[in-house]
Amino acid sequence: MDLELAGKRAIVTGGSRGIGKVIARALAAEGVDVAISARTEGPLRDAAAELSNATGRKIVPIVANTGKEADVNRLVETAIRELGGVDILVNNAALPGGISPATKLEQIVDEQVLEDINIKVVGYLRTARALAPHLISKGWGRIINIGGLAIHRTGRPVATLRNVGVAAITKNLADELGPKGINVTAVHPGATRTERTTEQAAKELGASVSIGRIVDAQEVAWVVTFLASPKSVSINGDAIPIGGGSPGTIHY
Ligand SMILES: NC(=O)c1ccc[n+]([C@@H]2O[C@H](COP(=O)([O-])OP(=O)(O)OC[C@H]3O[C@@H](n4cnc5c(N)ncnc54)[C@H](OP(=O)(O)O)[C@@H]3O)[C@@H](O)[C@H]2O)c1
């Protein structure tokens, strides 16, 4: 299947490592030029050089904290200028599990909750708000929001909350932007193997996955790459769980 991605341009936030970097690589492998962003310059520049060498595509590193409006506006302006336009936005920048480690009410720290929401929910809204007029002017676009399967689980209330926020903004943006040619979707990865995953953690987490192991970042990236393509037009506003299956639960 030709994903019809060759020649398109994308922004992937949080593209210096982990899932975002692998998504950027997968898009570039399909012929997409990509702007990747993160807060820390060194690893971001290294990632851009690595991905460019591996794929032959233009990979532009742009330092930006998605928790700050001015940074996000500069990110989007720079990406449009450097790539000659942007067609695809992958909202990924956030720390896995978030900042708040709270499992009990007494452990909730307001500042941690607000910063988790600021980065993962308001941050995703900021990038979409900054880019939407450009996408609307072209009449086509894709926005893919990376959530997480904590949305379906108790035990880490703030982790659940921020992913519920991702689902909420995804559906709202899909209804607003869908008639203008822009599909907005979310994916909810389960525990995902990245370069930072230890074998011990992979083994423990994999025991509660239907396929018998945790998914790899590459397997997340394949789904995101499809959603970024014109071929995904029939999916809009919905969230796809991509954790290899959760035994014993049925989601409608
Ligand atoms: N890994 C998992 O098992 C898993 C499971 C479910 C969902 N997810 C979701 O998948 C996404 C990526 O996770 P990951 O495991 O790949 O994380 P990761 O390895 O920690 O990478 C996170 C990336 O985001 C950047 N980042 C973090 N906060 C940022 C901010 N405020 N502004 C701009 N960039 C920021 C980081 O660079 P800097 O630190 O330099 O900014 C880095 O490039 C997250 O949304 C996470 O919640 C992950």
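Up top you'll find the structure we're talking about.
Residues numbered from 1 in each chain as written. Predicted model: local features only at pLDDT ≥ 70, side-chain atom pairs only at ≥ 80, totals over all residues. Heavy atoms only, no water.

J.: I'd like to hear about the layout of surface pockets, residue by residue, with values.
T.: Taken as a whole, the second largest pocket holds about 150 Å³ of empty space. Lining the second largest pocket, in full, are I151, H152, A167, T170, K171, H188, G237, D238, A239, P241, H251 and Y252. Where the lining of the second largest pocket is concerned, the elements lending two or more residues are helix 5 (157-177) and strand 9 (239-242). Sorting elements by how many residues they give to the lining of the second largest pocket places helix 5 first, with three residues. In the lining of the second largest pocket, the residues fall into five nonpolar, five polar and two charged. (1 Å grid on protein atoms, 1.4 Å probe; cavity = no way out; pocket = protein on both sides within 12 Å on 5 of 7 lines; lining within 4 Å. Points joined across faces, edges and corners; volume = space filled by probe spheres on them. Helix = DSSP H or I, 4+ residues; strand = E, 2+ residues; numbered from the N terminus. Nonpolar A, V, L, I, M, F, W, Y, C, P; charged D, E, K, R; others polar.)

J.: Residue-level account of the nonpolar core, with values.
T.: Grouped together as the largest cluster of nonpolar side chains are 39 residues, with contacts concentrated most on I23, L27, V34, I36 and V90. Residues in contact with L27, not counting those within four places in the same chain, are L5, A10, V12, V32, V34, V90, T225 and A228. Counting residues in each nonpolar core, the second largest holds 21 residues, with V60, L83, V86 and L135 among its members. (Core = buried A, V, L, I, M, F, W, Y, C linked by side-chain atoms within 4.5 Å. Buried < 20%, exposed > 50% of the residue type's maximum accessible area, 1.4 Å probe, protein only. Contact = heavy atoms within 4.5 Å.)

J.: Explain the environment of Y124 to me, and be specific about the residues and the numbers.
T.: Mapped onto the elements of the fold, Y124 is located in helix 4 (residues 110-138). Judged by its relative accessible area of 1%, Y124 falls in the buried class. Between the C-alpha atoms of Y124 and E176, which are 52 residues apart in sequence, the distance is 15 Å. Those residues within four positions of Y124 in sequence are excluded, and the remaining contacts are N91, N92, A93, I119, N145, I146, V166 and I169. From its side chain, Y124 meets the backbone oxygen of N91 in a polar contact 3.1 Å long. (Polar contact = N/O pair within 3.5 Å; in protein donor to acceptor, adjacent residues only side chain to side chain.)

J.: Account for the pattern of salt bridges, naming residues and giving values.
T.: It is possible for side chains of opposite charge to pair when their charged atoms get near one another. Tallied over the full model, the rule gives twelve salt bridges. In this structure, E50 and K21 form a salt bridge, with 2.9 Å as the shortest nitrogen-oxygen distance. Taken together, the positions of E50 in helix 2 (residues 41-55) and K21 in helix 1 (residues 18-29) put the pair 29 residues apart, joining distant regions of the chain. When its relative accessible area of 35% is taken as the criterion, E50 is described as partly exposed. The salt bridge partner of R74 is D71, with a shortest N-O separation of 3.7 Å. You can see R74 and its partner D71 sitting in helix 3 (residues 69-83), three residues apart, about one turn around the helix. What emerges from the salt-bridge pattern is a single network uniting R9, D87 and K138. (Salt bridge = Lys/Arg side-chain N within 4 Å of Asp/Glu carboxyl O.)

J.: Which residues make up the packing of aromatic side chains, and what values go with them?
T.: Per the counting criterion, the structure on display carries zero aromatic pairs. Of note, K8 hangs over the ring of W140, and the distance from its end group to the ring centre comes to 4.4 Å. (Phe/Tyr/Trp six-rings, centres within 6.5 Å; stacked < 30°, edge-to-face > 60°. Lys NZ or Arg CZ within 6 Å of the ring centre and 35° of its normal.)

J.: Before we move on, could you go through the sheet that holds strand 9 and cite the residues and values that matter?
T.: An order of 3-2-1-4-5-6-9 is seen for the seven strands of this open sheet, with the pairing classed as parallel. Of all strands in the sheet, those bounded by a partner on one side alone are strand 3 (59-63) and strand 9. Averaged over all pairs of adjacent strands, the angle between their axes in this sheet comes to 20°, without regard to strand direction. Strand contacts of helix 1: strand 1 (9-13), strand 2 (33-38), strand 3, strand 4 (88-91) and strand 5 (141-146), with the helix running at about 170° to strand 1, the strand carrying the most contacts. (Pairing = 2+ DSSP bridges. Axes fitted to C-alpha atoms, helices over the stretch in contact; angles between N-to-C directions.)

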